[in-house]
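Coordinate analysis (summary)
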Amino acid sequence: MPRRTRRPGRAAALLVLALLLAGGAATGCGGRATTHHKPGTSHEQASGNVGTLLAADDGAGHRLREVPAEGAPEVRLTARPDSEDGWNLQLAVTNFRFTPDSTGGAALPGAGHAHLELNGRKLARLYGSWFHLPAAQVPETGTRTLTVRLYADDHTAWAVAGKPVEATLELAAGPAQSTHAHSPAAPSPTPSESVQADRTVTITVRDGKVSPAPGRVEVTRGERVALRITSDRADTLHVHGFDKELALPAGQEATLILTADHAGLFEVETHESDLVLTQLLVR
């Protein structure tokens, strides 16, 4: 009986398939560096070997990600009284870049976002160097300590020598406590009162529930969208991908107008209550 031999073509095909599978496992979906990290997925799975995860956390459940001091992210915080109300805060970062489009993905060196806290209470998640802090969100007396802390895209806190990478600042009393903080705030201008919008989205937040229920709003690239939000508690609105934020006074309607100048799917959320209000699908 003649001896059977393996076909070279079959062996080559199997080898190519194995290499493709291995490459896909290494790079993830589409070869992107992020891993679409979600709750329930460990940080080790999501982030590979970037830095060293410590058992300690930032006090709010976010684990520390230790990196060497040389080349580590750094941040400085300054505050300037605003001519009308509150303060304008500036974050000066070194060895760090803000990456709003990849939040929730893998931790990449020197990338991520920041958290802003007042007296240990989180005020906002920051995706840029500037933030306006209304005087209404700051106590008039007592301790007024601001802390800004840097986080990776997977929400672990960057750390050096076992301590989070952060900066603190004591707010001094001064011109920032204008009469605007003590008198009823003027209602936010509607699109017809300021810049005309092509599309208006009206949302109400009450008792932790969003009405209408979060969905998707499809807009055409280049359209101007007005987000009219009323929240029963003070909060901050953030639009991912556009680096747009807006303070939401308790019980008052606030309006944010943006130009949908780039395509994609972008979440609109609140920082303090961590609610997704809607998604903007820009085509």
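Now for a quick tour of the structure.

What counts and how
- Per chain, residue numbering runs from 1 following the sequence as it is written.
- Local features in this predicted model are restricted to residues whose pLDDT is 70 or higher, and side-chain atom pairs enter the listing and the counts only when it is 80 or higher, whereas totals over whole chains, interfaces and linings include all residues.
- Side-chain numbers come from the whole structure's heavy atoms, not from hydrogens or water.
- Put simply, DSSP H or I for four residues or longer makes a helix, DSSP E for two residues or longer makes a strand, and each gets a number counted from the N terminus.
- Note on exposure labels: buried denotes an accessible area under 20% of the residue type's maximum, exposed denotes more than 50%, and partly exposed covers the range between, all computed with a 1.4 Å probe on protein chains only.
- All accessibility values rest on the Shrake-Rupley procedure with a 1.4 Å probe; residue burial counts only the protein chains present in the view.
- We call two strands paired when DSSP finds no fewer than two bridges between them.
- Helix axes are fitted only over the stretch in contact, all axes being lines through C-alpha atoms; the angle between N-to-C directions runs from 0 to 180 degrees.
- Note on terminology: a nonpolar core comprises buried Ala, Val, Leu, Ile, Met, Phe, Trp, Tyr and Cys residues joined through side-chain atoms within 4.5 Å.
- The criterion used for residue contact is that any of the two residues' heavy atoms lie within 4.5 Å.
- We treat Lys and Arg as the positive residues and Asp and Glu as the negative residues; His and chain ends play no part in the count.
- Salt bridge, as applied in this entry: a Lys or Arg side-chain nitrogen positioned within 4 Å of an Asp or Glu carboxyl oxygen.
- N or O atoms closer than or at 3.5 Å make up a polar contact, with two conditions inside protein: a donor-capable atom paired with an acceptor-capable one, and, for residues adjacent in sequence, both atoms drawn from side chains.

Along the backbone of the protein there are 2 helices and 21 strands. Considering the protein as a whole, with its 283 residues, one finds that 41% of them fall into the buried category. Surface exposure of the protein reaches about 15400 Å², of which carbon and sulfur atoms provide 53%.

As a further point, take the sheet that holds strand S15 (residues 216-219). For sheets, the rule is that strands pair by backbone hydrogen bonds, running either parallel or antiparallel. Ordered by their spatial adjacency, 5 strands build an open sheet running S15-S21-S20-S17-S18, and the pairing between neighbours is mixed. A strand with exactly one partner marks an edge of an open sheet, and here the two such strands are S15 and strand S18 (244-248). Across the sheet, the axes of successive neighbouring strands diverge by a mean angle of 20°, strand direction being ignored. Note: strand S17 (residues 235-239) against strand S20 (residues 264-270), 3 bridges, orientation antiparallel. Bridge pairing links Val 239 to Val 268 in S20.

The next subject is the pairing of strand S19 (residues 253-259). Two faces make up the sheet, and in a regular strand the side chains alternate between them. With 5 of 7 residues buried, S19 is to be regarded as a mostly interior element. The pairing of strand S16 (residues 224-231) with S19 spans 7 bridges and is classified as antiparallel. Within the sheet, the bridge partner assigned to Ile 229 lies in S19 and is Ala 254.

Spatially, S3-S4-S8 is the arrangement adopted by the 3 strands of the open sheet, whose pairing is antiparallel. On the outer flanks of this sheet lie strand S3 (74-81) and strand S8 (130-133), each paired with one strand and no other. Neighbour-to-neighbour, the strand axes of the sheet open up by a mean angle of 25°, direction not taken into account. Examined bridge by bridge, S3 and strand S4 (residues 87-94) share 8 bridges and lie antiparallel to one another. What sits directly across from Ala 79, in S4, is Leu 89.

Turning our eyes to something else, we now look at the nonpolar core. Ranked by internal contacts, the top residues of the largest apolar core, which has 29 residues, are Leu 89, Leu 91, Leu 126, Leu 133, Leu 146, Val 148 and Trp 158. Elements with a minimum of two residues in this core: S3, S4, strand S6 (111-118), strand S7 (121-126), S8 and strand S9 (145-151). Each residue touching Leu 91, except ones within four places of it in the same chain, is listed here: Val 75, Arg 76, Leu 77, Phe 98, Ala 114, Leu 126, Gly 128, Ser 129 and Val 148.

So, about the side chain of Asp 58. Tracing the backbone through its elements, the reader meets Asp 58 in the loop between strand S1 (52-57) and strand S2 (63-66). Despite its burial, Asp 58 pairs with no opposite charge, the nearest such side chain being Arg 149 at 4.2 Å. Only 3.3 Å separates the side chain of Asp 58 from the backbone nitrogen of Gly 61, close enough to count as a polar contact. Side-chain polar atoms of Asp 58 contact the side chain of Tyr 151, separated by 2.5 Å.

With that out of the way, let us pick up the pattern of salt bridges. Taken as a whole, this structure holds 8 salt bridges when the rule is applied. Of the charged contacts in the structure, one is a salt bridge between Arg 199 and Glu 223, with a shortest N-O distance of 3.8 Å. With Arg 199 in strand S13 (residues 199-206) and Glu 223 in the loop between S15 and S16, this pair connects stretches of sequence that are 24 residues apart. Residue classification places Arg 199 among the partly exposed positions, given a relative accessible area of 30%. Given a relative accessible area of 18%, Glu 223 falls into the buried group. A network of salt bridges, in which partner residues are shared, links Glu 117, Arg 149 and Glu 166.

This brings us to the pairing of S7. Note: S6 against S7, 5 bridges, orientation antiparallel. Among the inter-strand pairings, Glu 117 is bridged to a residue of S7, identified as Lys 122. A loop of 2 residues connects S6 with S7, the two strands running antiparallel in sequence, and Asn 119 in this loop sits at a positive phi of about 55°.

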